[in-house]
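Observations on the model geometry
What follows is each chain in one-letter form.
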Amino acid sequence: MASYLRSWLYAQTPSDVPNTPSIVESAPHDSDGDTETIHGGDDTDDMPPSFPSVNSAQRIASDKFTENGIPMILTDTQPMLPPPPPLLAQRQPGISSGSLAVPLTTIKPPAKSSKRGKVALAPGHGPLDWANLKKSGQDLRGVDTFLRVTPSMLRRHNKREDAWAVFNGKVYNITPYLSYHPGGERELMRVAGRDGSKLFALTHAWVNLDYMLDGCMVGFLTAEPSS
Ligand code: HEM
């Protein structure tokens, strides 16, 4: 292969090749071994190959190169050019312009419609306020002792001012909690005077009801006495 190339080169343009290239039989770093590298014969040529290569797509697409496609190489003392100014006219909310400016993501108010949204609680009726009320020692049960509550008894406590509900067999006085409920009084009143276990589990089973309403417990649900 090498002898063929050599004879071909001399046969074609012997006068056009002033620096007769030497043909290296196999490049020391060629791992695949299927190519032969032709060097210009200049042993002092330590210039790394230009990157991106001269006719590459990167170089064509980039405007950071000079007209002849050769990159501008700065000396150590030359300052780097400043980055181009952000195109303010083209800035869009939520889309980065590449600058360090705060993204304009919050100019649009969030959509309000939500079927099971939280309601705005009255001032002083947040979760911490409820925790403080429980700790205050105020009577939230409305009964002196735990009761056995029958379904007929339960049904009578269905008014806002006197609302009981059953969750997992335990009867709670939910009236004190109504104005603290993040889902609103109306939602909680749906279970007044009845067993709300299923609705509660379907709505937000992750809420620790036992802990939140422990101070409101009235008693246990029992069957009607047989007559
Ligand atoms: C069973 C009848 C009830 C219904 C229909 C109901 C409904 C709702 C709704 C619609 C929300 C707002 C949406 C949400 O935060 O995901 C909510 C939130 C909440 N409810 Fe209820 N609720 C009920 C009972 C209770 C009870 C008994 C408690 C506890 C004492 C409670 C505690 C909470 C809490 C802590 C949140 C906020 C949840 C969160 O931020 O993830 N709810 N409820």
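Keep in mind it's a predicted model, so treat the numbers as computed, not measured. (Residues numbered from 1 in each chain as written. Predicted model: local features only at pLDDT ≥ 70, side-chain atom pairs only at ≥ 80, totals over all residues. Heavy atoms only, no water.)

Taken together, the protein ligands of the iron atom of the ligand are His 181 (NE2) and His 204 (NE2), with distances of 1.9 to 2.0 Å. Around the iron atom of the ligand, the six donor atoms are arranged such that angles at the metal cover 84 to 178 degrees; this shape is classified as octahedral. Separated by 23 residues along the polypeptide, His 181 in the loop between strand E6 (170–173) and helix H5 (185–189) and His 204 in helix H6 (residues 197–204) bring together distant segments of the chain. For the pair His 181 and His 204, a shared accessibility class is recorded, and that class is buried. (Donors = N, O, S within 2.8 Å, 3.2 Å for Na, K, Ca; no water. Tetrahedral: all angles 85-135°; square planar, octahedral: opposite > 155°, others 65-115°. Helix = DSSP H or I, 4+ residues; strand = E, 2+ residues; numbered from the N terminus. Buried < 20%, exposed > 50% of the residue type's maximum accessible area, 1.4 Å probe, protein only.)

What follows covers a nonpolar patch on the surface. A cluster of nonpolar side chains, Met 72, Leu 74, Met 80 and Leu 81, forms an exposed patch at the surface whose accessible area comes to about 470 Å². According to the relative accessible area criterion, Met 72 is partly exposed, its value standing at 48%. (Patch = residues over 30% accessible without salt bridge, like charges linked within 9 Å, V, L, I, M, F, W, Y side chains within 5 Å. Areas by Shrake-Rupley, 256 points an atom, 1.4 Å probe, with all protein chains shown as cover. Salt bridge = Lys/Arg side-chain N within 4 Å of Asp/Glu carboxyl O.)

For the rest of this paragraph, the subject is the packing of aromatic side chains. By convention here, two paired aromatic rings are described through the distance between centres and the angle between planes. Scanning the entire structure with this criterion turns up five aromatic pairs. Ring plane angle 75 degrees and centroid distance 6.3 Å describe the contact between Phe 146 and Phe 220, whose orientation is recorded as edge-to-face. Of this pair, Phe 146 sits in the loop between helix H3 (127–135) and strand E3 (147–149) while Phe 220 sits in strand E8 (residues 217–221), and the two are 74 residues apart along the sequence. Exposure remark for Phe 220: the relative accessible area of 41% places this residue in the partly exposed category. A ring pair is formed by Phe 167 and Tyr 172, whose centres lie 6.1 Å apart and whose planes are at 45 degrees; its orientation type is tilted. A residue is classified by how much of its surface remains accessible, and Tyr 172, at 1% relative accessible area, is buried. Three or more aromatic residues joined by ring pairs make a cluster, and in this case those are Trp 130, Tyr 177 and Tyr 180. Sitting over the face of the ring of Tyr 211, Lys 134 holds its NZ or CZ atom 3.9 Å from the ring centroid. (Phe/Tyr/Trp six-rings, centres within 6.5 Å; stacked < 30°, edge-to-face > 60°. Lys NZ or Arg CZ within 6 Å of the ring centre and 35° of its normal.)

Coordinates in, geometry out; function isn't part of it.
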